[in-house]
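Now for the letters of each chain:
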Amino acid sequence: MWKFCARLTPAALALMIGGVATLASCKRPETNVGLDLQSAGDLLSAYQTDTLELRLTTVREDSLETDNLSTAVIGRMWHPLTGWHKGSLATQLRLSAPDVNFGENPVIDSLYLSLHYTGSLFGQPAAQRLMVHRLTEPVLLDSTYYSNRDWQMEEADLADDAFQPVVLDPNRDVLIGEDTLSPELRIYLTDEFGQSLLDADPAVYASNTEWTEFLPGLFITPTATGAGDGAVGVDLANGLSELVMHYHNDTDTLIYEFSINALCGRANHFDHDWLGDLAPFNHAENGQLPSNEGLHVFSAAGSKILVEFPDLLELREQPELAVHKAELWLPVSDESLDIDARYPIQDQFFALTVNADGNPVSTPDQNSIGLNINGNYDADTLAYRFNLSQTVQQMLNGTLEDQPIYLVSNRSGISFQGVKLNGPKDHDPTGDQAYRNARLVLTFSH
């Protein structure tokens, strides 16, 4: 029969497995995710407990690989639980056509970055000062770049002050005189910089190799302070983002476009000024918070959760313990549920471990054919749920020994989203809100 262990320590569990303990409060588990991992005969002696110790720790994510993503996040966004978050972009520009001839006596009329919105808005639409700097190092398509890279660039700001601040709003049309254009993030650059492009040696435009040696790329970033509390997603791969140059010569008025597309080297850059629970992360020596306190998952190389199951070390001594299901429940805190819709929480987490080189890799459950690891937010239960059956089984077998399990945000390199979670002891374990505690629900047999 099924047996449910309402309050079960590792020692008691060991006695039960040996057949010594007498069990009460038995009931059938409420879900069957992962139960097909064992045969039907094994289920006749399956037990379930949700009281094994669970330790959750918020860890600062120092960096994240962000090269060659299809989307960038640009802007300075305020989040009511975690503070200020700044998204910047380093990108190449490519020639739309080589060997361009600008004609006799070319003169700049205007130069602007036209960045195509993805539709993503983080925080609320806002006008803010954006800066553009000329890179002095290349952004290579085949190189690896991390979100905390210190890019080398010229000090001069190429953005034209006459067109600042810029409104970041994917739902707002662009007005040029009496013309209305579809929404785009438009950043005007100085005429001096535009004229320098027209006056460059024609050899610069012979090919993209010569061009990127002349202009390795641009770095687009909001100011560190000042107005603005929103960020937007811009598309870097569909070919609609570009640097547009309007000019005239002795005979004509023309346009030339420098492309930002999937062939451009590019990398996202993130900075955080933490407030609230995560304020200690502003100091380099603070890499994590005390266990089960201030549990936040934030994207953009922000914060992640280290998950530990201390009681499994004691259970490892029990032979042939078969895990039918190990489901991790992570309820969302009221603080996150109570903030308004401009700050939506993530719709999914990913569970990762690390390999021998310390690089993040998928858990055994993620790699199991036909097994749904889940990790999605369930609006009905107000919680994220993970199926970690294979992972916990391998922990008990000793084949996944001493390898940490981290929960990270989906869309981590292309969004500003965060959520605060309840810990395992935030509510009275005997009260009517006990289901709002984080917990591991373990179904097993011997």
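Engineer: How should the layout of surface pockets be read in this particular structure?
Structural biologist: Remark: the empty space left among the atoms is shown by a probe the size of a water molecule rolled over them. Looking at the second largest pocket, its volume works out to about 670 Å³. For the lining of the second largest pocket, the secondary-structure elements that each account for two or more residues are strand S3 (55-60), strand S21 (303-308), strand S23 (349-354) and strand S27 (405-409). If one sorts the elements of the lining of the second largest pocket by residue count, S23 sits on top with four residues. Per-class residue counts for the lining of the second largest pocket are 13 nonpolar, 10 polar and six charged.

Engineer: Got a minute to help me understand the nonpolar core in this structure?
Structural biologist: Across soluble globular proteins, nonpolar side chains show a tendency to be buried alongside one another. Residues Leu185, Ile187, Tyr205, Met245 and Phe258 are the most contacted members of the largest nonpolar core, which totals 40 residues. The element that contributes the greatest number of residues to this core is strand S7 (residues 107-115), accounting for four residues. Not counting residues up to four positions away in its chain, the partners in contact with Ile187 are Leu111, Tyr112, Leu113, Leu115, Leu130, Val132, Ala159, Gln164 and Ile220. Val297, Phe309, Tyr384 and Leu421 belong to the second-largest nonpolar core, a separate cluster that totals 36 residues.

Engineer: How do you make sense of helix H2 (residues 191-198) when you look at a structure like this?
Structural biologist: An α-helix turns once per 3.6 residues; consequently, residues spaced three or four apart project the same way. For H2, the set of buried residues is Phe193, Gly194, Gln195, Leu197 and Leu198. The elements touched by buried residues of H2 are S7, strand S10 (130-134), helix H3 (208-214), strand S15 (218-222), strand S17 (241-248) and strand S18 (253-260).

Engineer: Would you mind going over the sheet that holds strand S6 (residues 94-95) with me for this structure?
Structural biologist: The strands making up a sheet associate through backbone hydrogen bonding, with each pair oriented either parallel or antiparallel. Taken in spatial order, the five strands line up as S6-S18-S17-S7-S14 in an open sheet, and their pairing is antiparallel. Edge positions in the open sheet fall to S6 and strand S14 (185-188), since each of these has one partner strand only.

Engineer: What is the right way to look at the environment of Thr82 in this model?
Structural biologist: Considering the arrangement of structural elements, one finds Thr82 in the loop between strand S4 (71-79) and strand S5 (83-91). Classification of Thr82 by relative accessible area gives buried; the value is 2%. Through-space distance from the C-alpha of Thr82 to that of His296 is 8.7 Å; in sequence the pair is 214 residues apart. Apart from the residues within four sequence positions on either side, Thr82 is in contact with Asp273, Trp274, Leu275, Leu278, His296 and Phe298. A polar contact of 2.8 Å, which involves the side chain of Thr82, links it to the side chain of His85.

Engineer: Would you explain the packing of aromatic side chains in this entry?
Structural biologist: By convention here, two paired aromatic rings are described through the distance between centres and the angle between planes. One pass over the full model with this rule turns up 18 aromatic pairs. An angle of 40° between the planes, with centres 5.9 Å apart, marks the rings of Trp211 and Phe214 as tilted. Linking Trp211 with Phe214, this pair stays in helix H3, spanning three residues, or about one helical turn. The class for Phe214 is partly exposed, based on a relative accessible area of 25%. With centroids separated by 3.9 Å and ring planes inclined at 15°, the aromatic side chains of Phe349 and Tyr384 adopt a geometry described as stacked. Taken together, the residues span a long stretch of sequence, with Phe349 in strand S23 and Tyr384 in strand S26 (residues 383-387) at a distance of 35 residues. With respect to burial, Phe349 and Tyr384 carry one shared label: buried. An aromatic cluster is present here, built from Phe102, Tyr205, Trp211, Phe214, Tyr247, Tyr256 and Phe258 joined pairwise through their rings. Its end group placed over the ring of Trp151, Arg149 keeps NZ or CZ at 4.7 Å from the ring centre. Its end group placed over the ring of Tyr112, Arg186 keeps NZ or CZ at 3.9 Å from the ring centre.

The rules behind each value
Residues numbered from 1 in each chain as written. Predicted model: local features only at pLDDT ≥ 70, side-chain atom pairs only at ≥ 80, totals over all residues. Heavy atoms only, no water. 1 Å grid on protein atoms, 1.4 Å probe; cavity = no way out; pocket = protein on both sides within 12 Å on 5 of 7 lines; lining within 4 Å. Points joined across faces, edges and corners; volume = space filled by probe spheres on them. Helix = DSSP H or I, 4+ residues; strand = E, 2+ residues; numbered from the N terminus. Nonpolar A, V, L, I, M, F, W, Y, C, P; charged D, E, K, R; others polar. Core = buried A, V, L, I, M, F, W, Y, C linked by side-chain atoms within 4.5 Å. Buried < 20%, exposed > 50% of the residue type's maximum accessible area, 1.4 Å probe, protein only. Contact = heavy atoms within 4.5 Å. Pairing = 2+ DSSP bridges. Polar contact = N/O pair within 3.5 Å; in protein donor to acceptor, adjacent residues only side chain to side chain. Phe/Tyr/Trp six-rings, centres within 6.5 Å; stacked < 30°, edge-to-face > 60°. Lys NZ or Arg CZ within 6 Å of the ring centre and 35° of its normal.

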